[in-house]
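In case you want the letters, here they are:
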Amino acid sequence: MRYALLVLGGPYSHQAAHSALRFAHAAIARGHRVETVFFYHDGVYNASHLSAPPQDEPHLVDAWSELRRTHGTALQVCVAAALRRGLLDAREAERHGKSGASLEPPFELTGLGQLLDISQTHERLITFAP
Amino acid sequence: MLLHLLNRAPSSSPVHQDVLRAMGEEDGLMLIEDGVFGAVSAQVKHFPGLEGRLFALREDLEARGLAGRCDARVIIVDMDGFVALTEDAQRTVSWF
């Protein structure tokens, strides 16, 4: 089946992102495709390129990127939620006159309309909330 | 058939009452994260009439030291079993 996950919880403050990541690996292990993870609300902090947790703790940003690398999962971030929270890719940083970008590929800024699209094009959409 | 996901303990949030009101007769309820506190014997009374369709995530029970305290009426599933439940359900509804 084609799965999509919606992550609404920020990393290191709620379990939502950890639950979603474990669900993604379990779904893949059962032969499903986790085609998209959509980050919304505080969930957008999962995409912070500047995240630098201690080395003996799970690195969620890297773990999401690894999911993209090994399984092709699209990592989509709501642009409106991201800009409010200081998560900008190079193009948005330039547009808003900021000195640096905090979001890089494989994460991609996208519109909320994409979430509606996901709900119609994937067979399952599972929400992980704070 | 829908699968409802609940991540709040009945002792910390009344949202489980909304879940029960919304559930259809065949729907399942999956307790995850802090929701698994509702699976222990002293708390399971908050989920009447759900025998055979009340589930709790093993990993989250173990993370909270509750693995041995889960009520016999609750079906313990691991992450693989959680995914299987989402396969069977037409849709999942997350409550938080």
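Residues numbered from 1 in each chain as written. Chains lettered and ligands numbered in written order. Predicted model: local features only at pLDDT ≥ 70, side-chain atom pairs only at ≥ 80, totals over all residues.

- The name given to chain B in an unreviewed UniProt entry is tRNA 2-thiouridine synthesizing protein B, with the source organism recorded as Chromohalobacter marismortui.

- Chain A is annotated in an unreviewed UniProt entry as tRNA 2-thiouridine synthesizing protein D from Chromohalobacter marismortui.
- The UniProt entry for chain A carries the following comment under Subcellular location (unreviewed entry): "Cytoplasm". (UniProt positions renumbered as here; feature names shortened; annotations may be inferred.)

Quick word on the overall build of chain B
Then, in step 1: Each helix and strand in chain B was counted, giving three helices and five strands.
Then, in step 2: In chain B, the succession of helices and strands from N to C terminus is β-α-β-β-α-β-α-β.
Then, in step 3: Its C-alpha atoms give chain B a radius of gyration of 12 Å, near enough to 12 Å, the size a compact globule of 96 residues would have.
Then, in step 4: Seen through its C-alpha atoms, chain B measures out along the principal axes to roughly 30 × 30 × 20 Å.
Then, in step 5: Here chain B holds 96 residues, and the buried ones make up 36% of them.
Then, in step 6: Taking the intrachain contacts of chain B between residues at least 6 apart in sequence as the baseline, contacts between residues at least 24 apart amount to 65%. (Helix = DSSP H or I, 4+ residues; strand = E, 2+ residues; numbered from the N terminus. Rg over C-alpha atoms; globule rule 2.2 N^0.38 Å. Buried ≥ 20, exposed ≤ 12 C-beta atoms within 10 Å, placed from the backbone. Contact = placed C-beta atoms within 7 Å.)

Focus on the packing of helix H1 (residues 16-29) of chain A against helix H3 (residues 79-88) of chain B
Then, in step 1: Close contact between H1 of chain A and H3 of chain B brings their axes to 9 Å; oriented N to C, the two are set at 75 degrees. Taken together, the axis directions place H1 of chain A and H3 of chain B in an arrangement best described as roughly perpendicular. Contacts between H1 of chain A and H3 of chain B involve Arg22, Phe23, Ala26, Ala27 and Ala29 of chain A from the former and Met79, Asp80, Phe82 and Val83 of chain B from the latter. (Axes fitted to C-alpha atoms, helices over the stretch in contact; angles between N-to-C directions. Parallel < 35°, antiparallel > 145°, perpendicular 65-115°, else oblique.)

Brief notes about the nonpolar core
One recurring pattern in soluble globular proteins is that nonpolar side chains are buried together.
Then, in step 1: Leu5, Val7, Ala20 and Val77 of chain A together with Leu31 of chain B are the most contacted members of the largest nonpolar core, which has 63 residues in total.
Then, in step 2: For this core, the element with the highest residue contribution is H1 of chain A, accounting for seven residues. (Core = buried A, V, L, I, M, F, W, Y, C linked by C-beta atoms within 7 Å.)

Some points on the interface of chain A and chain B
Interface extent is often summarised as the accessible area lost during association of the parts.
Then, in step 1: At the junction of the two partners, chain A supplies 14 residues and chain B supplies 12 residues.
Then, in step 2: Residue assignment for the side of chain A that touches chain B shows that the elements contributing at least two residues are H1 and strand E5 (124-128) of chain A.
Then, in step 3: Broken down by element, the residue count for the side of chain A that touches chain B peaks at six residues, all from H1 of chain A.
Then, in step 4: A per-class count over the side of chain A that touches chain B returns eight nonpolar, three polar and three charged. (Nonpolar A, V, L, I, M, F, W, Y, C, P; charged D, E, K, R; others polar.)

Looking at H3 of chain B
Residue and element names in this part refer to chain B.
Then, in step 1: For H3, the set of buried residues is Met79, Phe82, Val83 and Thr86. Considered in projection along H3, the buried side chains sweep an arc of 100 degrees and stay on one side of the axis. Those residues of H3 that are exposed and angled more than 90 degrees off the buried face are Asp80 and Asp88. (Arc of directions from axis to C-beta.)

Re unusual backbone geometry
Then, in step 1: Cis geometry marks the peptide bond from Pro105 of chain A to Pro106 of chain A, where omega comes out at 15 degrees.
Then, in step 2: Here Pro106 of chain A lies in the loop between helix H4 (90-95) and strand E4 (107-110).
Then, in step 3: Despite not being glycine, Tyr12 of chain A has its phi angle at roughly 70 degrees, a positive value.
Then, in step 4: Topologically, Tyr12 of chain A is positioned in the loop between strand E1 (2-7) and H1.
Then, in step 5: The residue Glu33 of chain B is not glycine, and still its phi comes out positive at about 50 degrees.
Then, in step 6: With respect to the secondary-structure elements, Glu33 of chain B resides in the loop between strand E2 (28-31) and strand E3 (54-57).

Describing the environment of Thr121 of chain A
Then, in step 1: Looking at the element boundaries, Thr121 of chain A is found in helix H5 (residues 113-121).
Then, in step 2: Counting along the chain gives 104 residues from Thr121 of chain A to Ala17 of chain A, while the straight-line C-alpha distance between them is 23 Å.

Some details on the environment of Asp34 of chain B
All names here are of chain B.
Then, in step 1: In this fold, Asp34 is placed in the loop between E2 and E3.
Then, in step 2: Exposure remark for Asp34: the 20 C-beta atoms within 10 Å place this residue in the buried category.
Then, in step 3: Along the primary structure Asp34 and Arg8 are separated by 26 residues, whereas in three dimensions their C-alpha atoms are 5.2 Å apart.
Then, in step 4: Beyond its immediate sequence surroundings of up to four residues, Asp34 is in contact with Asn7, Arg8 and Ala9.

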